[in-house]
Structures are given as structure tokens and as C-alpha cells.
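Results of the structural survey
Below are the chains, spelled out letter by letter.
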Amino acid sequence: MDTNWECIVVGAGAAGLSAALVLGRARRRTLVIDAGEQSNRVAHGIGGLLGHDGRPPDAFYAAGREELAAYPAVELRSGEIVGAERDDDGIVVELAGGRRERARRVLLAPGMDYRRPELPGIEQRWGRSVFHCPFCHGWEVRDGALGVLDRGESGVRRALLLRAWSDDVTLYSNGPAELDEDEAELLRAAGVEIDERPVAGLRGPGDALTAIVFEDGGERACAALLVPVTLHQRSPLAEQLGAELASKGPLVADAIQVDEGFHSSVAGVSAAGDASGQMQSVANAIAAGSNAAAMIVHGLMNDYAESAARAASRPVRTAPSM
Ligand SMILES: Cc1cc2nc3c(=O)[nH]c(=O)nc-3n(C[C@H](O)[C@H](O)[C@H](O)COP(=O)(O)OP(=O)(O)OC[C@H]3O[C@@H](n4cnc5c(N)ncnc54)[C@H](O)[C@@H]3O)c2cc1C
């Protein structure tokens, strides 16, 4: 087992790569392990990322990895971390295949599992003509016949939001729309139509969408569909380490709880990006990874100074936890 790492970063998405860049520039010996499944990889482009708007995700992640190559303290490996535990000397992680690595700090940046409704035809269109975030994909489908698959209060909220991108918005409630009078009036006033017919599936060539298909055999033209998702930890590592998890509203089922310095409830374990429940965007993940890494560097340097003071038998007041 290699005992030499100052930080192990789990995941090389936007959060993990951004953190590794900061750690590398601060010359901290850093191991990044990545399973290569960034959640937006299926999309044509990254919407709304300054300097990279519309850039294909694969090209963006490749550029991030390339930048890291300039920093000798960082090693990037493909693989999956399947286990993690804390002991008195730090954190030990286990890779698929059995290899174990030890570090003083771990940054969890594994992203989240975006669970979508079960509906025939969603999978092949996910991140393209079917999406969960209009800020990411709305511009590309502007002025088309847009749909929202949802009902009740969240259906109203999403349908009104989608009007930013088109005058032609339909709420597909897949059964009773469950609206009160005020909600129904809001939708009428915004020009949103409601179709309550049970939905059987989606029609369109390849990843394109042309129509919603109903159980009664009918169809309605639709070029893009906004669907609700719930986000769940995609890796068991936070739980194995004993980090506190909590739901963050109806969207995020079990975010890793972090303080303002991105520290989890377990000493030496930080978390950033989707996994810690930030608003889900590449820009936010980059910012969180960067901040979390800066805090890790602060913490490491404090640790070293405290150990040196202890070794010289000059106890010091403990620095604030970083
Ligand atoms: C379909 C879709 C489209 C999107 N489009 C946009 C968009 O256009 N614009 C935008 O700003 N945001 C978009 N988002 C949101 C954005 O992609 C996420 O907010 C962002 O990717 C989160 O970054 P992250 O680093 O936290 O996680 P991720 O990007 O998901 O990266 C996590 C990485 O960690 C790896 N990993 C997980 N577990 C382990 C493990 N145990 N061991 C090793 N590696 C592991 C994963 O394989 C992955 O490579 C989209 C999301 C989805 C689902």
C-alpha cells in the first residue's frame, strides 16, 4: 500500500478536476481516481459554462486532464474506489481489483445518480431532447413545442419556468394534473396547456423527440421534454466513512453534509460538487472543488506546523480546523 498521498480525490468530473488543479499547483501529492462517468457526458454540449459554452463534455474533461499533466504532484488514474475507512493515521481507500491507498485527506467528488421517471424512450434521449435542466438545454430547443412531464405544484413551477424558452409549452400530467384553481389559472394566464392523458412513450428518430404518445393511441407534437429527477449518492463511500447525509429539498435525496469549508462530518474527509448537494451545474462543481481543495491545503499545512511544534516540544494553540 502506498502511504504517501496527501490527498486522494474520488472522481474527475468538474469538481474533482478543479480540486486536483488547486492541489497540484500547491504541490500536494494527490491521487485522483476516476471511473469516467461524468453525469453530463451524454449531452451534446455544456450549456451555460463561461468560456466553454456549448463545448462537448468529453472535450472539456480531456482539457482538464491535460492541464493536470503539468503538475508532477498529481497522478490521475482510471478506476473505481470501492471501499474507504478512516483510522488513526488517515483514510484508506480500496480500488476495484484490491489495491489499497492511504492519504491524509480525501475529497469525495463522485457526482450523483440522476434518477429519472420510468418511461419508454427516455434513455436514448436523456441529456438531449429529454432533460431535467432548462438552463442547461433550453436554449438549444428554444421556440419549439416544449413539454413538461410532471403534475401538481412542481409541474406548475416547471411549466412556468419553461415559458422562458418558448410560447408553446404543454404540461403532460400523465393522469390527473392535481392542480388547485389558482394553479390552473396561473397556467391558463401563461398560455400553458394541460394534457392529462396517460403517457405511453416517446416518438422520434434516434435521440430526437417529435411526439408524446398516449395510452389511448393519440399523439401530440413535442420537440423537447423536461422531466423531474431525484439525485442519490452513486457511491457508497460517504456512508462507509460514516459521513452525515441529508436530503436537500425534493430534488436531492441524500447529499453529503458539508460546512462552509466543504468538510464533511468525518475528520479529513471533504466533499464537493453534486455529491454535496450544490446546485447542479458544471460552474458550481468547479467552484466547489476549487474551494474545497484550498481548504484541504490550509488544513495540511496547519497539520505539518503543529506536528513540527509538537516534535520540538513547543505545544501551540491548535489552529482552527481546516
Ligand atoms: C444529462 C445531464 C446534462 C447536464 N448538462 C449540464 C449543462 O449543460 N451545463 C451545466 O452546467 N450542468 C449540466 N449538468 C449538471 C452537471 O453535469 C453536474 O452538476 C456536474 O457534472 C457535477 O460535477 P461533479 O464533478 O460533482 O460530478 P460528475 O461530473 O458526475 O463527476 C463525478 C466523477 O466521479 C466518478 N466516480 C463516481 N464514483 C466513483 C468511485 N467510487 N471511484 C472513482 N470515481 C468515481 C464518476 O465516474 C465521474 O467521472 C447536466 C447533468 C446531467 C445529468
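Everything below is about the structure printed above this text.
Read on for a plain summary of the structure. (Residues numbered from 1 in each chain as written. Predicted model: local features only at pLDDT ≥ 70, side-chain atom pairs only at ≥ 80, totals over all residues. Heavy atoms only, no water.)

All right, on to the nonpolar core then. Judged by nonpolar contacts, the single largest core of 28 residues is most densely connected at Leu 23, Leu 107 and Ala 272. Ranked by residues supplied to this core, first place goes to helix 7 (residues 282-311) with eight residues. Other than its neighbours up to four places away in sequence, Leu 23 contacts Cys 7, Val 9, Arg 28, Thr 30, Ala 293, Ile 296 and Val 297. Counting residues in each nonpolar core, the second largest holds 22 residues, with Val 10, Ile 33, Ala 84 and Leu 241 among its members. (Core = buried A, V, L, I, M, F, W, Y, C linked by side-chain atoms within 4.5 Å. Buried < 20%, exposed > 50% of the residue type's maximum accessible area, 1.4 Å probe, protein only. Helix = DSSP H or I, 4+ residues; strand = E, 2+ residues; numbered from the N terminus. Contact = heavy atoms within 4.5 Å.)

Okay, the pattern of salt bridges next. Under the criterion given, the structure shown has 25 salt bridges. Its salt-bridge partner being Glu 101, residue Arg 77 comes within 3.0 Å of it at the nearest N-O pair. Highlighted residues: Arg 77 in strand 3 (residues 74-78) and Glu 101 in strand 6 (residues 100-108), separated in sequence by 24 residues. Both residues of the pair, Arg 77 and Glu 101, belong to the buried class. Notably, a salt bridge pairs Arg 99 with Glu 101, separated by 2.7 Å at the nearest N-O pair. Note on Arg 99: relative accessible area 47%, which makes it partly exposed. Since its relative accessible area comes to 0%, Glu 101 is described here as buried. A network of salt bridges, in which partner residues are shared, links Glu 193, Asp 195, Arg 197, Asp 216 and Arg 220. (Salt bridge = Lys/Arg side-chain N within 4 Å of Asp/Glu carboxyl O.)

Time to look at the site of the ligand. Among the 40 residues in the neighbourhood of the ligand, the closest are listed as Asp 34, Glu 37, Gly 47, Ile 81 and Asp 274. In this structure, a nitrogen atom belonging to the ligand sits 3.1 Å away from a main-chain N or O atom of Ala 35. Within the side chain of Asp 274, a nitrogen or oxygen atom sits 2.8 Å from an oxygen atom of the ligand. Starting from 1,000 Å² of accessible surface for the ligand in isolation, the protein chains cover 98%. (Near = heavy atom within 4 Å. Polar contact = N/O pair within 3.5 Å; in protein donor to acceptor, adjacent residues only side chain to side chain. Areas by Shrake-Rupley, 256 points an atom, 1.4 Å probe, with all protein chains shown as cover.)

With that settled, the discussion passes to the sheet that holds strand 11 (residues 193-195). Read from one edge of the open sheet, five strands run 8-15-9-10-11, paired in parallel fashion. What marks the edges here is a single partner per strand, and that holds for strand 8 (130-131) and strand 11. Inspection of the sheet shows strand 9 (residues 146-149) paired to strand 10 (residues 169-172) by four bridges, in the parallel sense. When the bridges of strand 10 are listed, Gly 147 appears paired with Thr 170. In the packing of helix 4 (residues 152-162) onto the sheet, contacts are made with strand 9, strand 10 and strand 15 (224-226), and the angle to strand 9 comes to roughly 165 degrees. (Pairing = 2+ DSSP bridges. Axes fitted to C-alpha atoms, helices over the stretch in contact; angles between N-to-C directions.)

Strand order in the open sheet formed by three strands is 12-13-14, with antiparallel pairing between adjacent strands. Because the sheet does not close on itself, it has two edges, and the strands there are strand 12 (199-203) and strand 14 (219-221). Neighbour-to-neighbour, the strand axes of this sheet turn through a mean angle of 25 degrees, independent of strand direction.

Where burial is concerned, most of strand 5 (residues 90-95) is hidden: five out of the six residues are buried. As paired elements, strand 4 (residues 81-87) and strand 5 share six bridges and run antiparallel to each other. In the strand pairing of strand 5, Ala 84 is matched with Val 93. As consecutive antiparallel partners, strand 4 and strand 5 are separated by two residues. Note: strand 5 against strand 6, four bridges, orientation antiparallel. Looking across to strand 6, one finds that Val 92 is bridged to Arg 102.

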